[in-house]
Amino acid sequence: MADPAASQAFDILILGGGSAGYAAALRSAELGFSVGLVEKGKLGGTCLHNGCIPTKALLHSAEIAENAKTAEKYGVKASFDSIDMPAVNAYKDGIIAGKFRGLTGLIKSRGITVIEGEGKLTGQDTVTVDGTAYTGKNIVLATGSYSRSLPGLEITGKKVITSDHALTMDTLPKKALVLGGGVIGCEFASVWNSFGVDVTIIEALPSLVPNEDAAIVKQLERAFKKRKIDFSTGIRFAGVEETENGVKATLEDGKSFEADLLLVAVGRGPVTANLGFEEAGLTMDRGYVITNERLHTGVGNIYAVGDIVPGLQLAHRGFQQGIFVAEEIAGKKPVVVEDVNIPKVTYCEPEIASVGLTEAKAKEKFGDDAVTIQEYNLAGNGKTSILGSAGLIKLVRQVDGPIVGVHMIGARMGEQIGEAQLIVNWEAFPEDVASLVHAHPTQNEALGEAAMALAGKPLHG
């Protein structure tokens, strides 16, 4: 780590070293600015240490478990015996440690001053860390998020836990309840099911992954039922009590569920309390920092990025915003990417990948008669059949206009989100995509097939 006493004045001073903060630091240094990066924990933040990376490591272990269970179907003699959680955690922690070493080395090589400690905004150009004041011509707030709960629902860390606790468990429950059917809830339900845990999801909204297109929701719920992942939707959670043997959760209609533990996965809240933001004159809303579309707070030269800015709480959104702000400060006038056009992936099995408008949102924006859709069933895709998976790709198009939404579900479909985001963000017409060559046999060619069908020249189906 750099010596925090080496300098106390910077061109850009960043509060928070997660995905958004370290991206801002790296790009700022690349642009020739002097940079101070304040971090109270470890560089990499939630994503690296108790979010994206560790959960995806668990999901890969879960995929290996599923492969062992079904190996005979593919002519391979193998068996699934049990899950060794200490070994799973060792694998997961090894991935984290390697990425952490790489990140800290990169930060050091760019000449970025890392200031270790808990920082607080104490002026329009000042962040105070453990009694020492540091100044920046520009301030970037990137303090991230935390696993939140519901009012009155106490997280004990024993039988009522969050994803933070779930990532460090060295034993598995026999039966688990997951409160929340969004991304985090569905990913942990998927992992635990593959590990042999009896899982039930409780979601107050009418469906799982409620922000996804209706066709994708239907496919996921069907797949989860087939995997014997139970779920209750449409009825609000009332409360939970810890019992001698576990937990008992009750819904508002009186129905109850019993299990060994309850994982609370109801989303994440912004880390902004008691950090001096209100005192500095920033506009706040339910803990979030309000900015303009260029991420400026309206106060001095203070910007905010990542999970503390209202919108999608995704590591890659924060990463892009960190780069954006560095380039904005440098006068490069970077392009704004609206949240709706930021790619999203839910890494359960089957995977969900989406970008752009759902069919419902497109009709709301353009009108019912101004939207057309195309669904391509992955049953016709050779690579999907080889993988033993199923699913679909759905394209949403403005009539006589570009594709405004791509929605996909199936094994490993998250890997197809790259082309999908280019289609939507570059406002491609179906005819543009249909004329391109998609390699065979890949799942990627299903995107081409869907575009061909939407362009009026389907070959399969």
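This text follows the structure it describes.
Please read all numbers here as calculations on a predicted model, not as lab measurements.

Chemist: Hey, could you run me through the overall build of the protein in this one?
Modeler: Of regular secondary structure, the protein possesses 13 helices and 24 strands. For a compact globule of 461 residues, the expected C-alpha radius of gyration is about 23 Å, and the protein comes in at 23 Å, within 12% of that figure. For the protein, the spread of C-alpha atoms along the three principal axes comes to 65 × 60 × 45 Å. Of all 461 residues assigned to the protein, the portion counted as buried reaches 51%. Approximately 21,100 Å² of the protein is accessible, and the part contributed by carbon and sulfur atoms is 50%. Between the centroid of the 43 positive side chains of the protein and the centroid of its 55 negative side chains there is a distance of 3 Å.

Chemist: Looking at this structure, how should I read the state of the cysteines?
Modeler: Tallied over the entire structure, the rule returns 0 disulfides. With no disulfide of its own, C186 lies 5.5 Å from the sulfur of C348, the closest cysteine sulfur.

Chemist: When you look at the packing of aromatic side chains in this model, what are you seeing that I'm missing?
Modeler: When we look at a pair of aromatic rings, we describe it by the centre distance and by the angle of the planes. Following the criterion strictly, the structure yields 2 aromatic pairs and no others. Between Y22 and F319 the ring centres are 6.0 Å apart and the planes differ by 70°, which places this aromatic pair in the edge-to-face class. Of this pair, Y22 sits in helix α1 (residues 19–30) while F319 sits in helix α8 (residues 315–329), and the two are 297 residues apart along the sequence. Residue classification places Y22 among the buried positions, given a relative accessible area of 17%. In this structure F319 comes out as partly exposed when scored by relative accessible area, which is 34%. Positioned above the aromatic ring of F100, the side-chain terminus of K42 is 5.5 Å from the ring centre. Over the ring of F80 we find K69, and its NZ or CZ is 5.0 Å from the ring centre.

Chemist: Got a minute to help me understand the sheet that holds strand β12 (residues 237–242) in this structure?
Modeler: Where strands meet in a sheet, backbone hydrogen bonds hold them as pairs that are either parallel or antiparallel. An order of β12-β13-β14 is seen for the 3 strands of this open sheet, with the pairing classed as antiparallel. Strands with a single pairing partner mark the edges of an open sheet, and in this sheet they are β12 and β14 (256–259). Taking each pair of neighbouring strands and ignoring which way they run, the sheet shows an average axis angle of 15°. Pairing geometry for β12 and strand β13 (residues 247–251), over 5 bridges, is antiparallel. Paired with E242 across the bridge in β13 is V247.

Chemist: Would you explain the pattern of salt bridges in this entry?
Modeler: Oppositely charged side chains are able to pair whenever their charged atoms sit close together. Within the structure shown, the criterion is met by 17 salt bridges. One salt bridge in this structure joins E30 and R27, with 2.7 Å as the shortest N-O distance. A residue pair is termed a helical-turn pair when its members lie 3 or 4 positions apart in one helix, as E30 and R27 do in helix α1 at 3 residues. The class for R27 is buried, based on a relative accessible area of 19%. One salt bridge in this structure joins K92 and D93, with 2.8 Å as the shortest N-O distance.

Chemist: Hey, could you run me through helix α3 (residues 52–69) in this one?
Modeler: Because the α-helix completes a turn every 3.6 residues, residues three or four places apart line up on one side. Along its 18 residues, α3 runs 26 Å from first to last C-alpha, staying within 8% of the 26 Å computed at 1.5 Å per residue. Three or more residues of α3 are buried, namely P54, T55, A57, L58, L59, S61, A62, A65 and A68. Against α2 (45–50), α4 (85–109) and α6 (183–194) lie the buried residues of α3.

Chemist: Is there a simple way to think about the sheet that holds strand β15 (residues 261–264) in this case?
Modeler: Spatially, β8-β15-β9-β10-β11 is the arrangement adopted by the 5 strands of the open sheet, whose pairing is parallel. Each having just a single partner strand, β8 (160–161) and β11 (230–233) make up the two edges of the open sheet. Across 2 bridges, β8 lies against β15 in parallel orientation. Bridge pairing in β15 places I161 opposite L263. Sitting on the sheet, α6 touches β8, β9 (175–179), β10 (198–203) and β15, and the angle it makes with β10 is about 165°.

Thresholds applied
Residues numbered from 1 in each chain as written. Predicted model: local features only at pLDDT ≥ 70, side-chain atom pairs only at ≥ 80, totals over all residues. Heavy atoms only, no water. Helix = DSSP H or I, 4+ residues; strand = E, 2+ residues; numbered from the N terminus. Rg over C-alpha atoms; globule rule 2.2 N^0.38 Å. Buried < 20%, exposed > 50% of the residue type's maximum accessible area, 1.4 Å probe, protein only. Areas by Shrake-Rupley, 256 points an atom, 1.4 Å probe, with all protein chains shown as cover. Lys, Arg positive; Asp, Glu negative; His and termini not counted. Charge placed at Lys NZ, Arg CZ, Asp CG, Glu CD. Disulfide = S-S within 2.5 Å. Phe/Tyr/Trp six-rings, centres within 6.5 Å; stacked < 30°, edge-to-face > 60°. Lys NZ or Arg CZ within 6 Å of the ring centre and 35° of its normal. Pairing = 2+ DSSP bridges. Axes fitted to C-alpha atoms, helices over the stretch in contact; angles between N-to-C directions. Salt bridge = Lys/Arg side-chain N within 4 Å of Asp/Glu carboxyl O. Expected span 1.5 Å × (residues − 1). Contact = heavy atoms within 4.5 Å.

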